[in-house]
Amino acid sequence: MKKLKEQIIQLQVLSELSTELLGEDNTEALKPTIRKMSQIISSMDVSVLEKALQPTTPPAPAKPVALLLQLQQNHKQIIHNNLRQIQMTNQMKLKYGPYSPSRLETVYCPYLFYRSYVDPKRKRDHESLPQARGSAAHLVFEEINKGLVNGKSFTYESIGQIVNDAVKMHPVSLEEVMEIKDMALLYLRRTPYFRGDVEFEVKMAIKFERDNEGNIIEYTDKISIPGEERVRPKFVECDYDDPEAVARGRADIKMISEDTTMGFIIDHKTQKGVIDGDTFQMGVYAWVMSICYPFLDQIETTLHFAALGIYGDSVTWSKADLLKIEDHFLTLVHHIESEEKWEP
């Protein structure tokens, strides 16, 4: 009951904020209110409200809770419409992009984002030891993969030389050198199945598609929400270093099936633990790949846990799944682009 009351209070706050939206025409003035509403909605546990609507719930509270649930849905649509209005009005000129999944991981702590990507005093091009370990390991896997597709065989000595060359570019401790060598040997025992068109360490990036006047082109989405239509911005592939790039990522292994209906991404992880495969990072990579290769029907992603020599369960992303990733991605981008204070 306590949680239910908390959710109802949050929805009441949303109701008050909606009055501000309805009475304000200036999109710039709307930003703080929209940001606050977005934060409330993202923190809400709708399951608590849904449970209150089950048949076991007394009739009295059911009606107000139902009305509040409807209010929440209405506010989501209000927020979406106003976010789109702000994006189109400003033509979405990104101040802090391009955005990658790792960059967006800091969105929930704006000050951390500022220190990492905005602060002029930040250390540029500085690679931490974990980053160096990951970079060196990725170079090793790339070299092995290129050799495998060309029919090359490897010996213990040749693997050692590949590792040594990699750590010269990304220095790590002696212990980590041995760990990277072990990862390479485990990888050779169980290499992935290369199918169709295969590439390694592929840089992918997308940007808004614009007309001759610089306005973002839109289309009507009839997929993400069954029975509903939603206007969305169009994206197109661009160079990885394009200053107008909105989202980008790097696929460690990218494959396209021979019938060109399925795309595949394998991502190397050098951490010692195992995580679920449906991460935001992999969703974004799949979404970006779907824009770069629009003929694909589905995209399958797989995590390779190099320290253990195993692969996680593959995740298949449908077009509807990827549109949900797009929504989440753009919401996070809007949070950062609207930020004006970088307080710790």
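Here the structure is shown first, and the text comes after it.
Overview of the structure.

Scoring rules and cut-offs
Residues numbered from 1 in each chain as written. Predicted model: local features only at pLDDT ≥ 70, side-chain atom pairs only at ≥ 80, totals over all residues. Heavy atoms only, no water. Helix = DSSP H or I, 4+ residues; strand = E, 2+ residues; numbered from the N terminus. Contact = heavy atoms within 4.5 Å. Areas by Shrake-Rupley, 256 points an atom, 1.4 Å probe, with all protein chains shown as cover. Buried < 20%, exposed > 50% of the residue type's maximum accessible area, 1.4 Å probe, protein only. Pairing = 2+ DSSP bridges. Core = buried A, V, L, I, M, F, W, Y, C linked by side-chain atoms within 4.5 Å. Axes fitted to C-alpha atoms, helices over the stretch in contact; angles between N-to-C directions. Parallel < 35°, antiparallel > 145°, perpendicular 65-115°, else oblique. Left-handed = near helix turned anticlockwise from the far one by under 90°. Nonpolar A, V, L, I, M, F, W, Y, C, P; charged D, E, K, R; others polar. Patch = residues over 30% accessible without salt bridge, like charges linked within 9 Å, V, L, I, M, F, W, Y side chains within 5 Å. Salt bridge = Lys/Arg side-chain N within 4 Å of Asp/Glu carboxyl O. Disulfide = S-S within 2.5 Å.

**Considerations on the overall build of the protein chain**
Part 1 of the argument: Looking only at helices and strands, the protein chain features 11 helices and nine strands.
Part 2 of the argument: For the protein chain, the proportion of contacts with a sequence separation of at least 24, taken over those separated by at least 6, is 72%.
Part 3 of the argument: Surface exposure of the protein chain reaches about 18700 Å², of which carbon and sulfur atoms provide 50%.

**With respect to the pairing of strand 5 (residues 247-256)**
Part 1 of the argument: With eight of 10 residues buried, strand 5 lies mostly within the body of the structure.
Part 2 of the argument: One ladder, built from nine bridges, connects strand 1 (residues 197-208) with strand 5; its direction is antiparallel. Within strand 5, the position partnered with phenylalanine 200 by the bridge is isoleucine 253.
Part 3 of the argument: In the sheet, strand 5 pairs with strand 6 (residues 262-269) via four bridges, with the strands oriented antiparallel. The residue of strand 6 that forms the bridge with methionine 255 is phenylalanine 264.
Part 4 of the argument: What sits between strand 5 and strand 6 in their antiparallel hairpin is a turn of five residues, with threonine 260 showing a positive phi close to 55°.

**Some details on the environment of phenylalanine 329**
Part 1 of the argument: Relative to the assigned elements, phenylalanine 329 resides in helix 11 (residues 319-337).
Part 2 of the argument: Each C-alpha atom of the pair phenylalanine 329 and proline 101 lies 8.4 Å from the other, and the pair is 228 residues apart in sequence.
Part 3 of the argument: Excluding its chain neighbours within four sequence positions, the residues that come into contact with phenylalanine 329 are Tyr99, Leu104, Val246, Ala247, Phe280, Val284 and Trp287.

**Side note on the nonpolar core**
Part 1 of the argument: In this structure, Tyr99, Met204, Trp287, Val288, Met289 and Phe329 are the most contacted members of the largest nonpolar core, which totals 39 residues.
Part 2 of the argument: The dominant element in this core, judged by the number of residues it contributes, is helix 10 (residues 280-292), at eight residues.
Part 3 of the argument: When near neighbours in sequence (up to four residues on either side) are disregarded, valine 288 contacts Met204, Ala205, Ile206 and Ala247.
Part 4 of the argument: With 26 residues, the next largest nonpolar core counts Ile159, Val163, Ile253 and Phe264 among its residues.

**A word on the environment of valine 163**
Part 1 of the argument: Of note, valine 163 is situated in helix 8 (residues 156-169).
Part 2 of the argument: Separated by 24 residues in sequence, valine 163 and leucine 139 place their C-alpha atoms 8.3 Å apart.

**Considerations on the packing of helix 8 against helix 9 (residues 174-189)**
Part 1 of the argument: In the contact formed by helix 8 and helix 9, the axes pass within 10 Å of each other and the chain directions differ by 130°. The angle between helix 8 and helix 9 falls in the class oblique. As for how helix 8 packs across helix 9, the hand of that crossing is right-handed. Across from Tyr156, Ile159, Gly160, Val163, Asn164 and Val167 in helix 8, the residues of helix 9 making contact are Val177, Ile180, Lys181, Ala184, Leu185 and Leu188.
Part 2 of the argument: When its residues are assigned to classes, the contact of helix 8 with helix 9 shows nine nonpolar, two polar and one charged.

**Observations regarding a nonpolar patch on the surface**
Part 1 of the argument: A surface patch of nonpolar side chains, about 340 Å² in accessible area, is lined by Tyr156, Leu174 and Met178.
Part 2 of the argument: Here methionine 178 lies in helix 9.

**Considerations on the state of the cysteines**
Part 1 of the argument: One pass over the full model with this rule turns up zero disulfides.
Part 2 of the argument: Note on cysteine 238: no disulfide assigned, nearest cysteine sulfur contributed by cysteine 292 at a separation of 7.7 Å.

**A few points about unusual backbone geometry**
Part 1 of the argument: Each neighbour pair has its own omega, and for glycine 97 with proline 98 the value is -5°, a cis peptide bond.
Part 2 of the argument: Within the fold, proline 98 resides in the loop between helix 4 (59-90) and helix 5 (101-104).
Part 3 of the argument: Phi at glutamate 201 is positive, roughly 50°, even though this residue is not glycine.
Part 4 of the argument: On the secondary structure map, glutamate 201 appears in strand 1.
Part 5 of the argument: We classify glutamate 201 as buried; its relative accessible area is 14%.
Part 6 of the argument: Residue threonine 260 is not a glycine yet carries a positive backbone phi of 55°.
Part 7 of the argument: The partly exposed category is assigned to threonine 260, whose relative accessible area is 38%.

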